[in-house]
Amino acid sequence: MNQQIISAVVSEVLAKIKQENLGGSVAAPAVVSRPSKRMGVFDTAEAAAQAARKGQEQLRKKGIATRVEIINLVKSICTEKAEEWGKLEFAETKIGRLDHKIAKLTGIKDIPGIEWLNPYSLSGDNGIMMEEYAPFGVIAAITPVTHSVPTISGNIVSMVAAGNGVVFNAHPGGAGCAADAIAFFNQAIYNKTGIENLVTIIEKPSLDSFNDLCKSSYVDLMCVTGGPAVVNAAMQSGKRAICAGPGNPPVVVDETADLDHAARSIILGGGFDNNLLCIGEKQVFVVDSVHSQFMDAFKRAGAHFLPRENMKKLAGEIFTYKEDGGGCSHPVLNRDYVGADATKLAQVAGTSAPAGTEVLFGDCPGDCPFVEEEQMMPVIPVVRAKNVDEAIELAYQSEHGYRHSAIMHSKNLDNLTKMGQKMDCTLFVKNGASIAGLGMGGHGYANFSIATTTGEGIVTTQTFTRKRRCVMVDSLNIIR
């Protein structure tokens, strides 16, 4: 998509937004017309957090049925606006693939909501007990540039279904589309329920606004989907934090695998949105006895092979080396290439790839930067291992103990079990694409926040609640 097309798309979308005046066909007729300033969009973190507190107080008074109305409304908006908002996000961030940004928004309808809040009860000789899930209050959500509007939308579904208000500090690289979405959601929620500023955002997010949210008395809980620095800061804020950490998901392919299926699956997962997903396949370890056959299967599936000299040239362009405190150099990713198309990266590597190529791949040693670093590009290094035990060990080392995600292709149950136990990851996908771990081609539910650092895993509505117990002593137990 060239710059002229992007400019045309942006002009068209902005014109639509202006005509709609932030209303929208999915919303009920307006209760009251509001001032022209965009609802939910604030200049400062404290103003945004305070407004979200007031919105959450309104939600509590209206009850659980209103939560259901709101999350159903958000889901329907994401479906209706998927193409428009996908284009806006793509034009602003300039990373990933437009079709997959649209797909992520249409998938918001499948994120679970209020059904995760079923109470737990006991009855016995001493009476009855009921445990229920209560909201925290206001959640400060830090969202990434890789999935700006989808992460915000998924967070709203889970957090509002739990009864919370939310204040967002988006990544500056995707702040414009995020603010547009928040304004639209707020207007629609107000039109439907009369609740104002249930979800808010800082219009120009920064490190200072993040720090202000960490200190705000209006914020009860932090939820971070971002890099290690912001995760560490949130965990030191003094508030409870739910944090998604780094990942570098490896794939192991053993001699029993269906190689053609494995190749197609790796392209599907590792090529999705140009490998911006944290769960996406980042490096592959193949046992020596089927290495050549796998490389041929990868080519048949549509991946484009780069000889070693081109892989080396590409690494030289997208990684730089800086001295750390100990004097040892380490690779640092050039963020300008994150989420770039495979065809563009092939040019950077000094060659070319056919139009429509989704993934580049090449032979690499186990210690090359493509293996060691989470590079978030459709470039898959393939490492030869002597046997499955070595492949699993190399995969374990490359994942760096993040315990995020791992994938294995094998028909040997003992090998699958061995890798699953060794990796100890939040997501372990067997004989499928990584995205099957989020319900896309596999059983399960989705969300864009995967709390690996703090252990909650793929977040649900229940993640954003406090468990409360109520006990009646020696009464209301009707069975003896």
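Residues numbered from 1 in each chain as written. Predicted model: local features only at pLDDT ≥ 70, side-chain atom pairs only at ≥ 80, totals over all residues. Heavy atoms only, no water.

Draft legend 1. Focus on the overall build of the chain. Summing up its helical and strand segments, the chain has 15 helices and 20 strands in all. Taking 2.2 N^0.38 as the reference for a compact globule, 480 residues should give roughly 23 Å; the C-alpha atoms of the chain span a radius of gyration of 24 Å, in line with that estimate. Summarising its shape, the C-alpha atoms of the chain cover approximately 65 × 65 × 45 Å along the three principal directions. The buried share of the chain, taken over its 480 residues, is 54%. Across the chain, contacts joining residues at least 24 apart in sequence account for 75% of those joining residues at least 6 apart. Roughly 20500 Å² of accessible area belongs to the chain as shown, and the carbon and sulfur atoms make up 50% of that amount. Measuring between centres, the 46 positive side-chain charges of the chain sit 6 Å from its 51 negative side-chain charges. (Helix = DSSP H or I, 4+ residues; strand = E, 2+ residues; numbered from the N terminus. Rg over C-alpha atoms; globule rule 2.2 N^0.38 Å. Buried < 20%, exposed > 50% of the residue type's maximum accessible area, 1.4 Å probe, protein only. Contact = heavy atoms within 4.5 Å. Areas by Shrake-Rupley, 256 points an atom, 1.4 Å probe, with all protein chains shown as cover. Lys, Arg positive; Asp, Glu negative; His and termini not counted. Charge placed at Lys NZ, Arg CZ, Asp CG, Glu CD.)

Draft legend 2. View of the packing of aromatic side chains. Following the criterion strictly, the structure yields 7 aromatic pairs and no others. Geometrically, the ring pair formed by Phe 305 and Phe 361 is edge-to-face, given 5.4 Å between the ring centres and 65 degrees between the ring planes. Within this pair, whereas Phe 305 is found in strand β11 (residues 304-305), its partner Phe 361 is found in strand β14 (residues 360-363), the two being separated by 56 residues in sequence. On the basis of relative accessibility, which here comes to 0%, the residue Phe 361 falls in the buried class. When the centroid spacing of 5.6 Å and the interplanar angle of 75 degrees are considered together, the rings of Phe 319 and Phe 370 count as edge-to-face. Placement of the pair is Phe 319 in strand β12 (residues 319-323) and Phe 370 in helix α13 (residues 369-372), with a sequence separation of 51 residues. (Phe/Tyr/Trp six-rings, centres within 6.5 Å; stacked < 30°, edge-to-face > 60°.)

Draft legend 3. Summary view of the packing of helix α14 (residues 388-399) against helix α15 (residues 413-423). Relative to each other, α14 and α15 sit at 25 degrees, their axes nearing to 10 Å. As judged from the angle between their axes, α14 and α15 are roughly parallel. For the element pair α14 and α15, the recorded crossing hand is right-handed. On α15, the residues that touch Val 388, Asp 389, Ile 392, Glu 393, Ala 395, Tyr 396 and Glu 399 of α14 are Asn 415, Lys 418, Met 419, Lys 422 and Met 423. (Axes fitted to C-alpha atoms, helices over the stretch in contact; angles between N-to-C directions. Parallel < 35°, antiparallel > 145°, perpendicular 65-115°, else oblique. Left-handed = near helix turned anticlockwise from the far one by under 90°.)

Draft legend 4. Summary view of the side chain of Asn 275. Tracing the backbone shows Asn 275 in the loop between α9 (259-270) and β10 (283-287). At 3.1 Å, the side chain of Asn 275 and the backbone oxygen of Met 377 are in polar contact. If we ignore the near neighbours within four places in the chain, the residues touching Asn 275 are Gly 270, Gly 280, Glu 281, Lys 282, Met 376, Met 377, Pro 378 and Ile 380. (Polar contact = N/O pair within 3.5 Å; in protein donor to acceptor, adjacent residues only side chain to side chain.)

Draft legend 5. Seen up close, the nonpolar core. Counting residues in each nonpolar core, the largest one holds 65 residues, and the members touching the most others are Val 253, Val 284, Phe 294, Phe 298, Leu 314 and Phe 370. Setting aside chain neighbours within four positions, we find Val 284 in contact with Val 251, Val 253, Ile 266, Phe 294, Ile 380, Pro 381, Val 382 and Val 383. In terms of nonpolar packing, the next biggest core, distinct from the first, is built from 58 residues, Ile 71, Ile 189, Ile 279 and Leu 438 among them. (Core = buried A, V, L, I, M, F, W, Y, C linked by side-chain atoms within 4.5 Å.)

Draft legend 6. How the structure looks around the sheet that holds strand β5 (residues 165-170). Read across the sheet, 6 strands follow the order β1-β6-β5-β4-β7-β8 without closing on themselves; strand pairing throughout is parallel. The open sheet has two edge strands with one neighbour each: β1 (41-42) and β8 (240-244). On top of the sheet, helix α5 (residues 148-161) reaches β4 (138-143), β5, β6 (199-202) and β7 (221-225); it is set at about 160 degrees to β4, its chief contact. Its contacts with the sheet put helix α6 (residues 175-193) on β1, β5 and β6, and the angle it makes with β6 is roughly 155 degrees. (Pairing = 2+ DSSP bridges.)

Draft legend 7. Structural context of the side chain of Asn 477. Relative to the helices and strands, Asn 477 is located in the segment after β20 (465-473). A distance of 2.6 Å separates a polar atom in the side chain of Asn 477 from the backbone oxygen of Gly 124. In this structure, Asn 477 is in contact with Ser 123, Gly 124, Asp 125, Gly 127 and Ile 128, ignoring residues within four places of it in sequence.

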